[in-house]
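Here is how the chains run, residue by residue.
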Amino acid sequence: MKGLSGALEYLNVLEKNGTVFGLANIEWILDLLDNPEKSLKTVHIAGTNGKGSVASILSSILQEEGYKVGKYTSPHLLSFTERIAIDGIEISEKEVEAITDEIREKVQRADKNRFFTFFDFTTAMALLHFSRKGAEISVIETGLGGRLDSTNVVRPLVSVITNVDYDHTDYLGKELENIAREKAGIIKEGVPVVTGAGGIPLSVIERIAGELGSPVAALGRDFAFRKVRDGQMTYEGLGMRLEEVRVNLRGDHQLANGALALCTCEYLSRSGFPISETSMTQGASRVEWPGRLEVVREKPTVLLDGAHNPHGIRALKEYVAGRYEGIKKILVFGVMRDKEYEVMLRELTGSFQEIVLTRPLIERALPPGSLEVHAPGAHVTATVE
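Please read all numbers here as calculations on a predicted model, not as lab measurements. (Residues numbered from 1 in each chain as written. Predicted model: local features only at pLDDT ≥ 70, side-chain atom pairs only at ≥ 80, totals over all residues. Heavy atoms only, no water.)

A.B. asks: Could you give an account of the sheet that holds strand β2 (residues 69-72), naming the residues involved and the relevant values?
C.D. replies: Within a sheet, neighbouring strands are paired by backbone hydrogen bonds and run either parallel or antiparallel to one another. A sheet is described by the order of its strands in space; here eight strands give the open sequence β4-β3-β2-β5-β1-β6-β7-β8, paired in mixed fashion. Each of the sheet's edge strands pairs with one partner strand only, and the pair in question is β4 (89-90) and β8 (216-218). Sheet strands in contact with helix α5 (residues 118-132) are β2, β3 (84-86) and β5 (137-141), and its direction is about 10° off that of β3. Sheet contacts for helix α8 (residues 199-211): β6 (158-161), β7 (193-195) and β8; angle to β8, the most-contacted strand, approximately 165°. (Pairing = 2+ DSSP bridges. Helix = DSSP H or I, 4+ residues; strand = E, 2+ residues; numbered from the N terminus. Contact = heavy atoms within 4.5 Å. Axes fitted to C-alpha atoms, helices over the stretch in contact; angles between N-to-C directions.)

This is the structure:
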């Protein structure tokens, strides 16, 4: 295989297999690799929104405490290597090439006709990399759902379900109860659960956790935060209070994500990974997570955000409305064809004076010409292929 380009070409072929739920194939691959996941201490994160933010805040805190921390997230923004990192340092291109070659050869020797997906393969890559590099604790984000997600081979110290809202309804179901049931599938017997879910989804999570003897800590009931000012909060935890915690990510929703990360730290401290209050506050204040309400230019302000479902779009809309009132705003919008783009675009049309429709350079992207009909009354100034 010729370097990273050859590895990515192979992975891109796998990506065309699409989404296939089930753990049989990832378990088969991991068996070939002598089950690296069994040597790992992990935190497993599912949810509709905020998974990557919670993973990044938590990883930053754990690194501040001095632990060697693996982090597996998806998708990536610019480079595949972003998905797999240890102590904030992305896996190298040479390591991607070597691990891809190794796993590919073992798979083909065992059964060259075996079917598996891109996410099966990359999850195995991440778990093998973390095991070999001696990660003391690894923060693992689900790809889609939870119960049948490839990452659900780990037995974590803490399970986190950030929230439950409508997304991937073709795969997870049309009702919140069904979506919650899929995400609650990451809960393991006796393993504590931290969640920001409420209403029906929380009831589902608590029922499943109760059946497994797993305690549940719910945001707003068992722990809470109070906004002090933009980017800063007071945290009222399970057994601690932290004043003026700064979360270095924009948007009030990131304070909720910060609270979820801090509650997870409380559970980790009870499970052999003690974390000081200083590490919690400094780690949260130093977190970086690109592409989430990220200002990449001033004068004029250029803001990038990866909102990809109605819940995320509402957070974006509230942030823009609260901070850029009276300023002309131009939206550049592109989306995948499997997203709820009608609802997303309808939510945004009243908040921007001009809209430019475009498409990301990816096969799943929706052509911009198909979007215009879903922007009623909006001033669409251009469509860019």
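A.B. asks: Which residues make up the pairing of β2, and what values go with them?
C.D. replies: Judged by which residues are buried, β2 turns out to be covered on both faces: V69 and K71 on one side and G70 and Y72 on the other are all buried. When β2 meets β5, the two strands line up parallel, connected through four bridges. Residue pairing in the sheet places G70 in a bridge with S138 of β5. Bridge count between β2 and β3: three bridges; the pairing is antiparallel. Among the inter-strand pairings, K71 is bridged to a residue of β3, identified as A85. (Buried < 20%, exposed > 50% of the residue type's maximum accessible area, 1.4 Å probe, protein only.)

A.B. asks: With reference to specific residues and values, describe the packing of helix α4 (residues 93-111) against α5.
C.D. replies: As a packed pair, α4 and α5 sit with axes 10 Å apart at the nearest point and diverge in direction by 115°. Classified by the interaxial angle, the pair formed by α4 and α5 is roughly perpendicular. Note that α4 runs across α5; the crossing there is right-handed. Facing α4, whose interface residues are E95, V96, I99, T100, E102, I103 and R104, α5 presents F121, A124, M125, L128, H129 and R132. Partitioned by chemical class, the residues of the contact of α4 with α5 number seven nonpolar, two polar and four charged. (Parallel < 35°, antiparallel > 145°, perpendicular 65-115°, else oblique. Left-handed = near helix turned anticlockwise from the far one by under 90°. Nonpolar A, V, L, I, M, F, W, Y, C, P; charged D, E, K, R; others polar.)

A.B. asks: Explain the packing of aromatic side chains residue by residue, including any values.
C.D. replies: Within this structure, the stated rule accounts for six aromatic pairs. Arranged with centres 6.2 Å apart and planes meeting at 80°, the rings of F80 and F118 form a pair that is edge-to-face. With F80 in the loop between β2 and β3 and F118 in helix α5, this pair connects stretches of sequence that are 38 residues apart. F118 carries the same exposure label as F80, and that label is buried. Ring centres of Y319 and Y324 lie 6.4 Å apart, and the angle between their planes is 65°; this geometry places the pair in the edge-to-face category. (Phe/Tyr/Trp six-rings, centres within 6.5 Å; stacked < 30°, edge-to-face > 60°.)

A.B. asks: Could you give me a rundown of the pattern of salt bridges, with the residues and numbers involved?
C.D. replies: Applying the stated rule across the entire model yields 18 salt bridges. Across the pair D165 and R314 runs a salt bridge whose closest N-O atoms are separated by 3.2 Å. Of the two residues, D165 is situated in the loop between β6 and α6 (169-172) and R314 in helix α11 (residues 310-323); the sequence distance between them amounts to 149 residues. Exposure remark for D165: the relative accessible area of 13% places this residue in the buried category. Relative accessible area serves as the criterion here: at 30%, R314 is assigned to the partly exposed category. R314 is the partner of E347 in a salt bridge, and the nearest nitrogen-oxygen pair spans 3.8 Å. Of this pair, E347 sits in helix α12 (residues 341-348) while R314 sits in helix α11, placing them 33 residues apart in sequence. Residues joined by salt bridges that share partners form a network here, namely D165, R314, K317 and E347. (Salt bridge = Lys/Arg side-chain N within 4 Å of Asp/Glu carboxyl O.)

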